[in-house]
Each structure stands twice: as C-alpha cells, then as structure tokens.
Amino acid sequence: KSERPEINYSYYQVPNSMAAPGKSAEIMIRRDGKGKDSLIDPNNTQVIMYMELENLGKIAVLLNVNNKKVYCVFNTQNEQAKAAMVKGEEDLRRKLAAKNFDMNKFQVNVNPAMCAIKPYLLPMVRLEDLLRIDIQA
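All residue numbers refer to position in the chain's written sequence, counted from 1. Side-chain atom pairs in this predicted model are given and counted only at pLDDT of 80 or more, local residue features only at pLDDT of at least 70, and totals for whole chains, interfaces and linings cover all residues. Each side-chain value is worked out from all heavy atoms of the structure, with water and hydrogens disregarded.

### Remarks on the sheet that holds strand β5 (residues 69-76)
When DSSP finds two or more bridges between two strands, those strands count as paired. Where helices and strands are cited, they refer to DSSP runs of H or I of at least four residues and of E of at least two residues respectively, numbered from the N terminus. Read from one edge of the open sheet, six strands run β1-β2-β3-β4-β5-β6, paired in mixed fashion. Here the strands that pair on one side only, and so sit at the sheet edges, are β1 (9-15) and β6 (102-110). Ignoring which end each strand starts from, the neighbouring axes of this sheet average 15 degrees apart. The pairing of β5 with β6 spans eight bridges and is classified as parallel. Following the sheet pairing, C72 is matched in β6 by F106. The contact criterion used is simple: two residues touch if any of their non-hydrogen atoms lie within 4.5 Å. Fitted lines through C-alpha atoms give the axes, limited to the stretch in contact for helices. The angle between two N-to-C directions lies from 0 to 180 degrees. In this fold helix α1 (residues 79-87) packs onto β4 (57-66), β5 and β6, with an angle of close to 165 degrees to the strand it touches most, β6. Of the strands in this sheet, β5 and β6 are in contact with helix α2 (residues 89-98), which crosses β6 at around 150 degrees.

Structure, rendered in structure tokens:
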C-alpha cells in the first residue's frame, strides 16, 4: 500500500510462472477511502491486471465490480490471444457465478498500446503532484 494518503489503490507484483524468468504479473486494486488503512470492498471495486504469457504475449485485464456485477475488458497484443480470451468467456462466467458475481460485460480487444499497466496507472496520478527535475551536465 502506498504511504501517500491521496493514492487509493493497492499495487502488487507477483511471480509469473507462465512467462520468462524474472517477469512478474502486476495487479492494482482500488480501495475505498483515502489513506493507507483504507479497505478494499470486493463487491464494489476496480481491478487491473497485467501479465505477459509465453505463448500469447502481453495481456491487460480491467475488471469493474459494482454490486456484484462484473464488467470485464481484456486488451491483448494479437488475434491469437484475443481468440484464447474469447474461448474462456463461458468458463469465466461460470466461475464468477459460483461466487455470486454476474458478468454483465465481456469484451476483448486487440490493442497493443493498452497491454500494460502504465496507461491505467498514469491517469490515477494527479498532474499537479508530479515533480519535474532538470539536470544539465
């Protein structure tokens, strides 16, 4: 968790056994409230995941959860990865239903620019909080 009170998400890096050694999967989860002690409400949150898979390339997943209704968007690097995600839609739907979640939207895009976590992270940073450092040699 961030020590900065204006940041309201948790960020995790976890080992990714389905990629080359040294690659991690990244996960961001929105928290309610401000400060490092704010909590995550699993029924109302946003989860962003990024991973690189050996056979499918880079994939970013955006999950919005609102009152147990799930909106799921996958961004993939290529058509092969898109086809794999589409093929798993019904399985994901069943697994969410088993946990009392209803998937209202399932979308898969081939969008290499959004196959990273930074495009989702940067809008969460207030521009006025950025510090510019100029160095001359």
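And the narrative resumes.
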